[in-house]
Amino acid sequence: MTKISLFLASLIFIVIYGCNKSDDITVTPSTTTTSLTYNDLWIPPTITGKSFDLTLAKSSKQLRSGAKTATYGYNGSEFWGPTLIMNKGDFIQMNVTNNLSETTTTHWHGFHIPAIMDGGPHQMIEPNSTWKPSFEIKNNAGTYWYHPHLHEKTFEQLTYGAGGLIIIKDPIESALALPRTYGTDDIPLVLTSRRYNSDNSFTTTEHAYGDYAMANGTHDAQISLPKQLVRFRILNAETERGYNLGFSDNRSFYVISNDGGLLDAPVSVTRVKLAVGERVEIVVDLSKDEVGSSLDMKAYNANQEFGFGGSEPQTTGQFGSLLNNKDFNVLHINVKGATSNAIVAVPTKLTTNTYWKESDATTVRTIKITGGQAGSAFTFDNNTYGFTTINQTVKLDAIEKWTIVNNNIFGHSFHIHDIQFKIVSRSSGAIANYESGWKDTFYIRTGETVSVVAKYDDFASSTNPFMYHCHFPNHEDAGLMGQFLVTQ
Ligand code: C2O
Ligand code: CU
């Protein structure tokens, strides 16, 4: 799309939406693209084992000069929470305590577990109580995450910082010569942005974008990394913004894993797009960089197609941001000496996945993204989310093709609970090699139709539903969510 048509499309968008000024706040447009002072990237602590105690409570964090910002954190963190490390095949016990003064839930995003353990809107944790689900880890090694999923409160609780990463390990991944020393050559990277009120509190009235980028809750983040192969586990934890990630010298890097685990082989790219809720693991080679040199991981978000979250030109208001339609830094990297056990080559083969094909599907469902016109909420098939409504019923062990149709006014991020699927078609053209693996979330462009195939195995219930929804938490809260049962 040319700049002019992008501009026209944006004008149409503004006309359709009206110009909602309700959350306008006083912000000083400043150094969002160049910043010479950096803060050290916070690396979340880890919890490893079979029993995990999580406590969500209010916290605060010094995020900018002046007053501290009111936040939420798990286990005493100032924003976000510990990284949970678990092994495939283990039976694990979760003890989630809610020390907030409001209800929450904790969802294990990407996990293949019974619906009643899933932590969706139905598994409410009241204040001062503990929820204790237990389940077997059936997912492949990969990067997953936990976050609140209380209907109509997900956006706000996420905005305050409630969430955390989960790393699953398995024997296939462990046998590969990949960087895996957490915090040294295996770096968790949670990308989002925040907007501030003049008293330094986060803006929590509904808006699509923050004004200041953060990585692991750190603005203008920097890290020193060894001169060797380094892996990043990247999560897009935004509201609507997509990330078109790359490095400041345009070097190639490898995508090794999608939402649900390793790709068959590394995919070499110079850019990778990540929509809200998606994860990607990448490996970048720093072995030829000079000790003392630096480079940036950046969001190359200027001139994206209309419908890519953050492509809008405006800088303020509900759909504006100081970061919109710009390239901006997500992480400043300083190169230091190699470690003694440095990984020096990317394995050429990672694993052997057997994906579902379009022809394996015995049922085909079509779900349309509707609504969103003239201030109305987005819906699926013209139905807003209903807590007691079952929108789809799947037979246990069925292999199904779900076709999502977005003849609508903006792009979205579509997520299905319970299963990992294979993207089998995109009407806009080819499926990128870097999204050819197991997925639970994908970007759907404006005007696009995307089909995915999955097997709905292992867990059936005639009463407890799983969710499917747009992973933009503001859209999900407003009703762009449906429920499905998997029944015997
Ligand atoms: Cu990340 Cu329905 O969830
Ligand atoms: Cu959406």
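About the thresholds
Residues numbered from 1 in each chain as written. Chains lettered and ligands numbered in written order. Predicted model: local features only at pLDDT ≥ 70, side-chain atom pairs only at ≥ 80, totals over all residues. Heavy atoms only, no water. UniProt positions renumbered as here; feature names shortened; annotations may be inferred. Helix = DSSP H or I, 4+ residues; strand = E, 2+ residues; numbered from the N terminus. Buried < 20%, exposed > 50% of the residue type's maximum accessible area, 1.4 Å probe, protein only. Pairing = 2+ DSSP bridges. Axes fitted to C-alpha atoms, helices over the stretch in contact; angles between N-to-C directions. Contact = heavy atoms within 4.5 Å.

As named in an unreviewed UniProt entry, the chain is Blue copper oxidase CueO, taken from Emticicia aquatica.

Another point: the UniProt feature "domain: Plastocyanin-like" (unreviewed entry) in the chain. Mapped onto this numbering, the UniProt entry gives "domain: Plastocyanin-like" (unreviewed entry) at residues 64-171 and 367-487. Span residues 64-171 is 6% helix and 37% strand, its end C-alpha atoms 43 Å apart. The distance from the first to the last C-alpha atom of residues 367-487 is 20 Å, and the span holds 4% helix and 43% strand.

Turning next to unusual backbone geometry. If a residue is not glycine, its phi is most likely negative; likewise, a peptide bond is most likely trans. The backbone of asparagine 216 shows a phi angle near 50 degrees, a positive value even though the residue is not glycine. If you trace the backbone, asparagine 216 turns up in the loop between strand 13 (212-215) and strand 14 (218-219). Looking at asparagine 216, the relative accessible area reads 1%, which means it is buried.

Let us look at the sheet that holds strand 31 (residues 449-455). Pairing is mixed across the open sheet formed by five strands, whose spatial order is 25-24-27-31-29. Sheet topology places strand 25 (378-380) and strand 29 (422-426) at the edges, where each strand pairs with a single neighbour. Direction aside, the axes of adjacent strands within the sheet are offset by 20 degrees on average. With three bridges joining them, strand 24 (residues 363-371) and strand 25 adopt antiparallel strand pairing. Counted as the bridge partner of glycine 371 is phenylalanine 378 from strand 25.

Right, let's get into the side chain of glutamine 228. Positionally, glutamine 228 belongs in the loop between strand 15 (221-226) and strand 16 (229-236). If we skip the residues at most four places from it in the chain, glutamine 228 touches Asp185, Val284, Asp285, Leu286, Ser287, Ala338, Thr339, Ala342 and Ile343.

Okay, the sheet that holds strand 11 (residues 164-169) next. If you walk across this open sheet you meet the five strands as 2-5-11-10-7, and the pairing is mixed. Each of the sheet's edge strands pairs with one partner strand only, and the pair in question is strand 2 (46-48) and strand 7 (107-109). Averaged over all neighbouring strand pairs, the angle between strand axes comes to 25 degrees, with direction disregarded. In the sheet, strand 7 pairs with strand 10 (residues 142-147) via three bridges, with the strands oriented antiparallel. Each bridged residue has a counterpart across the sheet, and for histidine 109 the counterpart in strand 10 is tryptophan 145.

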